[in-house]
Number of protein chains: 2
Amino acid sequence: MSRLIEALRRLPGIGPKSAQRIGFHILKTGRGEVEEIAAAILDLKDKIRLCDVCNNVTESNPCFICSDPARNAKQLCIVEEPGNILPIERTGQYRGYYHVLHGALSPLQGIGPEQLRIANLTERVNGGTVEEVIVATNPTVDGEATATYLSKLLKPLGVNVTRIAMGVPVGSDLEYVDEVTIARAMEGRKAI
Amino acid sequence: MSRLIEALRRLPGIGPKSAQRIGFHILKTGRGEVEEIAAAILDLKDKIRLCDVCNNVTESNPCFICSDPARNAKQLCIVEEPGNILPIERTGQYRGYYHVLHGALSPLQGIGPEQLRIANLTERVNGGTVEEVIVATNPTVDGEATATYLSKLLKPLGVNVTRIAMGVPVGSDLEYVDEVTIARAMEGRKAI
């Protein structure tokens, strides 16, 4: 029991209390159901891999996005993590392809360009069909540094490099938005 | 006692429990201190008024911003509420003047242009020194409708009308940003 609790505690978002609660829940659950969970966990590790083209997590290779010929091959959106693709897909407005870096530049944490999946990115951009690279790394210090780095790296290859807009989130109230964001929203203002 | 609790309950953010707690606290507090609170409340109502120029709340008229000649008279930033000025001031980057509408257009709530303080806005813009009107109404449906209305009203007077940028807030993680905001961030992307 304590071995399971120790193992569960290492998962993100699960503290000692949750781990204990899950442990006791499994004790009460029938063997069949428990075997299903265990099998699903192992299955995930065996079947899921990274797409050779975009580095997204996938069961098939290339992934379902990279193998969809209906998408716009002129646009390539760069994100830090596989989890960043879903929110962009949910907008229903972007129809280009993606590229996952698996991180962002972070000198303090010793993460340089070699630690990111940039080699197959320059390859893709060199391929000649991409016209615009949209850098959708996070609006953080590391994400911004990565955006600047990618711009310097990719513009000489003859593509437009753009950055998603920073500003006040839709539906928010200015009164509760932090001043750094408001400063960016003021800087980024546009004629209407 | 119940009269005070009823009165306190009507204040924003104070529920029946908080009202009761404040009531009992006042019972235990010395008369001098209580008189101070009561005087401060009455004082606020007597001394605070709206600035004739920008409609901000103020003790002096014109307010301390409108009477500051060091500010940039070419820029005028329009906000919905007096509380929206402070977050913009905190950025330390905007040095123009302000104009408070005291609301936003909301057909559903019966708020039209007549209910907002627009009369002295067109007067100010007609004055001739303003070159850019920055619409910093909230990034909501009402705020956007107000921005569109003001653009149509003020552009014929010969000024540039701009809107603060909507996008992902600084320091956030794309994974936790709603899709409407991400869609706006993608739309508003800029070359880097």
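Residues numbered from 1 in each chain as written. Chains lettered and ligands numbered in written order. Predicted model: local features only at pLDDT ≥ 70, side-chain atom pairs only at ≥ 80, totals over all residues. Heavy atoms only, no water.

### Comments concerning the packing of helix 5 (residues 119-126) of chain B against helix 6 (residues 141-154) of chain B
Residues and elements named next belong to chain B. Spelled out, the test is: Axis geometry follows a simple rule: fit a line to the C-alpha atoms, using only the stretch in contact for helices, then measure angles between N-to-C directions, giving values from 0 to 180 degrees. Secondary structure is summarised from DSSP: a helix means a run of H or I of at least four residues, a strand means a run of E of at least two, and numbering begins at the N terminus for each. For this classification, under 35 degrees means roughly parallel, over 145 means roughly antiparallel, 65 to 115 means roughly perpendicular, and everything else is oblique. Rotating anticlockwise by less than a right angle from the far helix to the near helix defines a left-handed crossing, while the corresponding clockwise rotation defines a right-handed one. Should any heavy atoms of two residues lie within 4.5 Å, those residues are counted as being in contact. Only Asp, Glu, Lys and Arg are considered charged, only Ala, Val, Leu, Ile, Met, Phe, Trp, Tyr, Cys and Pro nonpolar, and every remaining residue, Gly among them, polar.
Here helix 5 crosses helix 6 at 45°, and the two axes come no closer than 11 Å. With respect to helix 6, the axis of helix 5 lies oblique. In this structure, the crossing between helix 5 and helix 6 has a hand that is right-handed. Facing Leu121, Thr122 and Val125 of helix 5, the residues of helix 6 in contact are Leu150, Leu153 and Leu154. Looking at side-chain class alone, the contact of helix 5 with helix 6 contains five nonpolar, one polar and no charged residues.

### Notes on a nonpolar patch on the surface
The condition is simple: Each patch is built from residues that are more than 30% exposed by relative accessible area and take part in no salt bridge. Like charges join if they lie within 9 Å; nonpolar side chains (Val, Leu, Ile, Met, Phe, Trp, Tyr) join within 5 Å. Methods summary: accessible areas were calculated by the Shrake-Rupley approach with a probe of 1.4 Å, and residue burial reflects only the protein chains presented. Whenever Lys or Arg places a side-chain nitrogen within 4 Å of a carboxyl oxygen from Asp or Glu, that contact is recorded as a salt bridge.
Together, Met1(A), Phe24(A) and Leu27(A) make up a nonpolar patch on the protein surface, roughly 320 Å² of accessible area in all. Among the secondary structure elements, Leu27(A) is positioned in helix 2 (residues 16-28).

### Re the confidence of the model for chain A
All names here are of chain A. For clarity, the cut-off: A residue's pLDDT is the confidence the predictor assigns to it, expressed on a 0 to 100 scale.
In this model, chain A carries an average pLDDT of 92, and 100% of its residues clear a pLDDT of 70 or more. At the level of individual helices and strands, chain A shows its lowest average pLDDT in helix 1 (residues 2-9), which scores 86, and its highest in strand 4 (residues 96-100), which scores 97. Here the predicted complex scores 0.79 on pTM and 0.78 on ipTM.

### Remarks on the interface of chain A and chain B
Note the following rule: Within 3.5 Å is the distance limit for a polar contact, defined as a pair of N or O atoms, with the added protein rule that one can donate a hydrogen and the other accept it, and that residues adjacent in sequence qualify only through two side-chain atoms.
Taken together, the 49 residues of chain A in the interface contact 49 residues of chain B. Counting across the interface, chain A meets chain B through four salt bridges. In this structure, the salt-bridge partner of Arg189(B) is Glu132(A), at a minimum N-O distance of 2.5 Å. Taken together, the links from chain A to chain B amount to 22 residue pairs in polar contact (both at pLDDT 80 or more).

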